[in-house]
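Analysis of the macromolecular model
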Amino acid sequence: MSVKIANPAVWKKDIPDRLIAYLSGNLPDRWKELSTGIIPRSAQALLAIALGRLLKRNVVLITDNPMSLDLVHQDLLTLSDDKYHRPLYFPPHELLGRTGGSLQDTNAAGHRLDTLLALAGESPDIPEDLLTVTATCIQALMQRTVSCQNLKKLTVRIKTGETCEPVRLSKDLVNACYVHSQEVDEEGHFCVKGGILDVWPLNNLWPLRIEFTGDVVASIRFFDPATQKSVNKTSIALIPPA
């Protein structure tokens, strides 16, 4: 016996639609607090998505620890429809080590910066009118982070065809806490070789290679630091502070 499963794109829209219809018919016109009792983790993610769409508001879903945060984030990725919502991930940037000290996690720092840029309306990948569901945990919210004002001030924006002096760009990167080095082989570093500037933002999987023709940005490419080969091209680069 063969069973045909509906297209995931259909049920990802249908399930939240049903919950939204239920909430619309059962919630009072004005309410400030919603209590559900204990519900499964995946239902928490579904409820956050439905409430965001119903209220047309961004939602923050707070878990009790980093492990449950990762699980909820995966549920949001599974259930979210990019047409309505974009799940964001805001983990703690420090993890407690065995000796009691803190361990910096550059991947976590990149996720945090991506989320902060999106919430500040600075992300080129997320339209300003698209609602977001931010998954985070108590530990992440207790850690200090860059203010919205400083984030916007220190974020470097590069676009092909624009005038941008390489010397000025280098100074801006130093002000944004990037390290000037001979080679770019880790996040948070940059180097200048003639008319080429390489930089590895914390929120990028690959470093960026910015080529100049005089003071004009000729091209922006992602490249593999091991082979130095181009991975992809882009016309806009957003480099948040390190």
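See above for the structure.
So, here's what we can say about the structure. Here the structure is a predicted model, which is why all the values come from computation and not from measurement.

Describing the sheet that holds strand β9 (residues 196–199)
- Strand order in the open sheet formed by six strands is β7-β8-β9-β10-β11-β12, with mixed pairing between adjacent strands. Each edge of the sheet is formed by a strand with only one pairing partner; in this case those strands are β7 (179–180) and β12 (230–234).
- Of the strand pairs in this sheet, β7 and strand β8 (residues 189–193) are connected by two bridges, and their pairing is parallel. Residue His180 lies in a different strand from β8, and its bridge partner there is Phe190.
- Contacts from helix α7 (residues 166–175) reach β8, β9 and β10 (208–213), with the element oriented near 15° to β9.

A few points about the packing of aromatic side chains
- Using the criterion set out here, one finds zero aromatic pairs in the structure.
- Positioned above the aromatic ring of Phe223, the side-chain terminus of Arg209 is 4.0 Å from the ring centre.

Overview of the environment of Asn203
- On the secondary structure map, Asn203 appears in the loop between β9 and β10.
- When its relative accessible area of 16% is taken as the criterion, Asn203 is described as buried.
- Spatially, the C-alpha atom of Asn203 lies 6.5 Å from that of Leu113, the residues being 90 residues apart in sequence.
- Not counting residues within four places of it along the chain, the set of residues in contact with Asn203 comprises Gly110, Asp114, Leu117, Leu238 and Pro240.
- At 2.9 Å, the side chain of Asn203 and the side chain of Asp114 are in polar contact.

Here's the deal with the sheet that holds strand β5 (residues 131–137)
- The three strands lie next to each other as β1-β5-β2, forming an open sheet whose pairing is parallel. A single partner strand is all that each edge strand has here, and the edge strands are β1 (59–63) and β2 (85–90). Looking at each pair of strands side by side, their axes are set apart by 20° on average, direction ignored.
- In this structure, β2 lies alongside β5, joined through six bridges in parallel fashion. Bridge pairing links Tyr89 to Ala135 in β5.
- Seen against the sheet, helix α3 (residues 66–79) touches β1, β2 and β5 and runs at an angle of roughly 160° to β5.

Reading the values: the criteria
Residues numbered from 1 in each chain as written. Predicted model: local features only at pLDDT ≥ 70, side-chain atom pairs only at ≥ 80, totals over all residues. Heavy atoms only, no water. Pairing = 2+ DSSP bridges. Helix = DSSP H or I, 4+ residues; strand = E, 2+ residues; numbered from the N terminus. Contact = heavy atoms within 4.5 Å. Axes fitted to C-alpha atoms, helices over the stretch in contact; angles between N-to-C directions. Phe/Tyr/Trp six-rings, centres within 6.5 Å; stacked < 30°, edge-to-face > 60°. Lys NZ or Arg CZ within 6 Å of the ring centre and 35° of its normal. Buried < 20%, exposed > 50% of the residue type's maximum accessible area, 1.4 Å probe, protein only. Polar contact = N/O pair within 3.5 Å; in protein donor to acceptor, adjacent residues only side chain to side chain.

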